[in-house]
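What follows is the residue order along each chain.
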2 protein chains.
Amino acid sequence: MALNAENESNYQASKYRTPDGAPADIVIFTITSEGKDSTKKSLPHRELQVLLIQRKQWPFEGQWALPGGFSSENETIQESARRELTEETGVSDVHLAYFNVYSTPKRDPRGWIISHAFFALVHERFLEKRQAADDAADVRLFPVEEALAMDLAFDHEIIVRDALAQIQTKMLTTTIAKEFLSEEFTISELYQVIQTVVPTFNERNFIRKITSTQSRKGIIEEVLDHNGQGKMSNRYSQRAAQLYRFTDYVPQLSIYS
Amino acid sequence: MALNAENESNYQASKYRTPDGAPADIVIFTITSEGKDSTKKSLPHRELQVLLIQRKQWPFEGQWALPGGFSSENETIQESARRELTEETGVSDVHLAYFNVYSTPKRDPRGWIISHAFFALVHERFLEKRQAADDAADVRLFPVEEALAMDLAFDHEIIVRDALAQIQTKMLTTTIAKEFLSEEFTISELYQVIQTVVPTFNERNFIRKITSTQSRKGIIEEVLDHNGQGKMSNRYSQRAAQLYRFTDYVPQLSIYS
DNA sequence: AAAATAGTGTCTATCAGACAGTATCTG
DNA sequence: CAGATACTGTCTGATAGACACTATTTT
């Protein structure tokens, strides 16, 4: 059976051409909000933004790119992504998910470099104190649409586009909306977050469905105060709104049931 | 801005440790069916199976493993997976999807090897001639549960487990069921395929929902004969059953609507 | 007739979707 | 009281889920 057997002593990986690196690149999304009018309480304007760094060295010197870095032999690619994310945002317990690999020949002039793309969802409060790291000339948030029109380094435009499609799908099929919200939030805030990521989302009876529909009402729950009364917020409105939080329940979707 | 600039002439990738290989591994699933009784027409027994190869060389010599192989500098990893799949099954237009990367340090004794995992869904008719032609003991189908209990090479048990979770989710949320069916199929066949992949799936009114529910009825359509009459099949039953085919429509699922 | 698969009829509680109306607070 | 946000009432037709029932063909 083992006519052609090799063993450890005569195995040589180096007889083949090997990759020159396996970096992790991270598409860090956040939703910024700014009040439209200082004199009146009103819902803020929200915008989906992506964090980019300006490259300081060859290749693509001076162009904007995704943060990321080479992984090493002693860590998984997920760990290296988590490390990069912490360096870039200063926060460690943030939603991070792997979504695709990019390996088109000659995508990187430095050689055969296979890039592993992650997306992270970060609340804007975590990005306030960021600063340019060693290998970056500048770090900034850009509205996603603007970033996609910018001639990014490498194939990063495609990566951002793919990441956007991913979070749009996940926004509607999972509870990742919570990553952009505080622990407690109003229905309007949740609705706004969904609409910011998926502009086509439009549910006129949103509050009905999510609070009183049998199959969905486990997703979020009312926050109660110490007296058992509903805890309210008037952050954005004259009339106070009920606060909710996400539960651990995530409904299983199916096209057949 | 570019105080620390490098350029192409002084950039050296080789000053860092680089990976020893970036293979694609493929979890090839099929559903086998065998009639339970030769004297009577009845629905076949279906089982989800995975294709494994027995290794001939170090490392893990003699153990069963996923088919796969190293990718080269001149192709994307998807292309190399497609190439492997064609070599293994003899078919080229088969559903193939990337789902994860495996990079735990020392997962492969040959060195720093980052494996990219794909799953493929193949109709059993494509694996018949391969099985017959190459009846050597080194390529075989195993029932998934059996494969998971087998002490596979490398971290392939984890990969198979992850792949199974993936296709279970996709079976319910996309129309990949069609990859396991012929172009035309009966409702019972579709139901059986879903249940084979997701044993917990149980819908008593399945035929109602998929044929007459407004929001779902676009997924499949009746096959008509040249007279505009419904085309029937009595492959599995005494009473002939209507044949259906998938349309191009895939409903968009959402937990919020 | 029995067996096996393929459907249909019918019922009730719930839900979807639309839109008008009411509630609460601020400037 | 105008404006902004936060809900609630109410209506119609569609759907979910259960289960009994009928239909067609083979042995």
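As a reminder, the structure under discussion sits directly above these lines.
Residues numbered from 1 in each chain as written. Chains lettered and ligands numbered in written order. Predicted model: local features only at pLDDT ≥ 70, side-chain atom pairs only at ≥ 80, totals over all residues. Heavy atoms only, no water.

A.B. asks: Explain the protein's contact with DNA strand C here, please?
C.D. replies: Not every one of the 23 residues close to DNA strand C is listed here, only the nearest: Lys-209, Gln-214 and Arg-216 of chain A together with Ser-188 and Arg-239 of chain B. Considering the 4 Å shell around the protein, atoms of DNA strand C inside it are sugar or phosphate in 62% of instances. A distance of 2.8 Å separates a base oxygen of DNA strand C from a polar atom in the side chain of Arg-208 of chain B. A distance of 2.8 Å is found between a base nitrogen of DNA strand C and a side-chain nitrogen or oxygen belonging to Arg-239 of chain B. Listed by contribution, the elements that provide at least two residues to the surface near DNA strand C are α5 (206-212) of chain A together with α6 (206-212) and β11 (241-246) of chain B. Of the residues assigned to the surface near DNA strand C, the class counts are four nonpolar, twelve polar and seven charged. (Near = heavy atom within 4 Å. Polar contact = N/O pair within 3.5 Å; in protein donor to acceptor, adjacent residues only side chain to side chain. Helix = DSSP H or I, 4+ residues; strand = E, 2+ residues; numbered from the N terminus. Nonpolar A, V, L, I, M, F, W, Y, C, P; charged D, E, K, R; others polar.)

A.B. asks: Even after reading the chapter, I still don't get the interface of chain A and chain B, so can you show me in this structure?
C.D. replies: The figure often quoted for interface size is the accessible area lost as the parts come together. Of the residues lining the interface, 63 residues belong to chain A; the matching set on chain B comes to 61 residues. Across the chain A/chain B interface, buried area totals approximately 5,300 Å², and carbon plus sulfur atoms make up 62% of it. In this structure, the connection of chain A to chain B is made through two salt bridges. With a closest N to O distance of 3.0 Å, Glu-73 of chain A and Arg-17 of chain B form a salt bridge. One can count eight residue pairs in polar contact (both at pLDDT 80 or more) joining chain A with chain B. Where the side of chain A that touches chain B is concerned, the elements lending two or more residues are α1 (77-89), β5 (95-102), α3 (156-173), α4 (187-197) and α5 of chain A. Looking at the side of chain A that touches chain B, its residues break down into 30 nonpolar, 21 polar and twelve charged. (Contact = heavy atoms within 4.5 Å. Buried area = accessible area lost by both parts, 1.4 Å probe. Salt bridge = Lys/Arg side-chain N within 4 Å of Asp/Glu carboxyl O.)

A.B. asks: Hey, could you run me through unusual backbone geometry in this one?
C.D. replies: Most peptide bonds are trans, and most residues other than glycine sit at a negative phi. Residues and elements named next belong to chain A. A cis amide bond links Trp-58 with the next residue in sequence, Pro-59, at an omega value of 0°. Inspection of the secondary structure assignment puts Pro-59 in the loop between β2 (45-55) and β3 (64-65). The phi dihedral of Lys-106 falls on the positive side, at around 65°, and the residue is not glycine. Considering the arrangement of structural elements, one finds Lys-106 in the loop between β5 and β6 (115-121). One non-glycine residue, Phe-154, lies in the positive phi region at around 50°. Locating Phe-154 in the fold gives a position in the loop between α2 (144-148) and α3.

A.B. asks: What should I look at first to understand the nonpolar core in this one?
C.D. replies: Nonpolar side chains tend to gather and get buried jointly when the protein is soluble and globular. In this structure, Phe-29, Leu-190 and Tyr-256 of chain A together with Phe-29, Leu-190 and Tyr-256 of chain B are the most contacted members of the largest nonpolar core, which totals 96 residues. Contacts of Leu-190 of chain B, omitting those with residues within four sequence positions, involve Tyr-256 of chain A together with Ala-177, Leu-181, Phe-185, Phe-206, Ile-210 and Phe-246 of chain B. Judged by nonpolar contacts, the second largest core, of 44 residues, contains Leu-96 of chain A together with Ile-26, Ile-28 and Val-122 of chain B. (Core = buried A, V, L, I, M, F, W, Y, C linked by side-chain atoms within 4.5 Å. Buried < 20%, exposed > 50% of the residue type's maximum accessible area, 1.4 Å probe, protein only.)

A.B. asks: Quick question: what am I supposed to make of the protein's contact with DNA strand D here?
C.D. replies: Near DNA strand D there are 22 residues, and of these Ser-188 of chain A together with Lys-209, Gln-214, Arg-216 and Arg-239 of chain B occur at the shortest range. In the environment of DNA strand D, a phosphate oxygen lies 3.1 Å from a nitrogen or oxygen atom belonging to the backbone of Leu-43 of chain A. Sorting the residues of the surface near DNA strand D by element identifies α5 and β11 (241-246) of chain A as the ones contributing at least two each.

A.B. asks: Any chance you could explain the layout of surface pockets here in plain terms?
C.D. replies: To find leftover empty space, a probe the size of one water molecule is rolled over the atoms. Estimates place the volume of the largest pocket at around 1,500 Å³. Lining the largest pocket are 43 residues, and of these Thr-169 and Lys-170 of chain A together with Thr-169, Lys-170 and Thr-173 of chain B lie nearest its centre. Broken down by element, the lining of the largest pocket gets its largest block of residues, seven residues, from helix α4 (residues 156-173) of chain B. For the lining of the largest pocket, a count of residues per class yields 20 nonpolar, 20 polar and three charged. (1 Å grid on protein atoms, 1.4 Å probe; cavity = no way out; pocket = protein on both sides within 12 Å on 5 of 7 lines; lining within 4 Å. Points joined across faces, edges and corners; volume = space filled by probe spheres on them.)

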